[in-house]
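Each chain is listed here by its residues.
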Amino acid sequence: MSLTPVQCISYVLSFPQVACPVPGFANVDELNQSLAYLTAGEEEKDFSEIQESLVGQFANQCMYCNHCQPCPKRIDIAEVTKLADMAEKEMTDELRERYAALLVTGEDCIHCGSCTRRCPFGIDASENMRRAQKIFGC
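Residues numbered from 1 in each chain as written. Predicted model: local features only at pLDDT ≥ 70, side-chain atom pairs only at ≥ 80, totals over all residues. Heavy atoms only, no water.

Draft legend 1. Up close: the pattern of salt bridges. As enumerated under the stated definition, the model contains six salt bridges in all. With a closest N to O distance of 2.9 Å, Arg-98 and Glu-79 form a salt bridge. On the criterion of sequence distance, the pair formed by Arg-98 in helix α6 (residues 93-101) and Glu-79 in helix α5 (residues 77-89) is long-range, its members being 19 residues apart. Across the pair Glu-88 and Arg-131 runs a salt bridge whose closest N-O atoms are separated by 2.9 Å. Residue Glu-88 is found in helix α5, and its partner Arg-131 is found in helix α8 (residues 125-135); the two are separated by 43 residues along the sequence. (Salt bridge = Lys/Arg side-chain N within 4 Å of Asp/Glu carboxyl O. Helix = DSSP H or I, 4+ residues; strand = E, 2+ residues; numbered from the N terminus.)

Below, the structure written as C-alpha cells:
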C-alpha cells in the first residue's frame, strides 16, 4: 500500500514545526493530485493505516523523523541520534566535528522523557542522548 499525494501532504502537516509543505511535481496531473488536498475530506487525508504498518515494520529503530521534538533543551534529537548511529559503525573525524559543532548535545539532555513519549517507533530517545554522550566522550 502506498500513500496518495493527499495523504503525503497530510502526513507532512502532522508535524507541529511544518506550516507549509511544498510538494514537487513532474506534470500537471501530479500538480492536480497535490491540489486535491485542498478539497479532500478527512477520510482521504487519513494516513493512519499506513503509519501503523510502518510503525510495526520499524519498531525500535529511529527514523530521524523528529516526532520527538520539541526538546525543552533544544537538542536536535534526530541529528544527535543519527551521528551516534553512524559513529557506532565507524567513527570519523568528520563525525566528531559535526557533533562538536552542535550548539546542544546529548550531554545537555535532562532526561525528562518528553521525547520518548512522543516517539511513534518506541525509541528511548533519552537513552540515545546518553549513548551519544558516551560515544563522543562528553
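Draft legend 2. How the structure looks around α5. In a regular helix each residue adds 1.5 Å, so 13 residues correspond to 18 Å; α5 covers 19 Å between its end C-alpha atoms and thus fits that length. Looking at the buried side of α5, the elements it contacts are α6, α7 (114-118) and α8. (Expected span 1.5 Å × (residues − 1). Contact = heavy atoms within 4.5 Å.)

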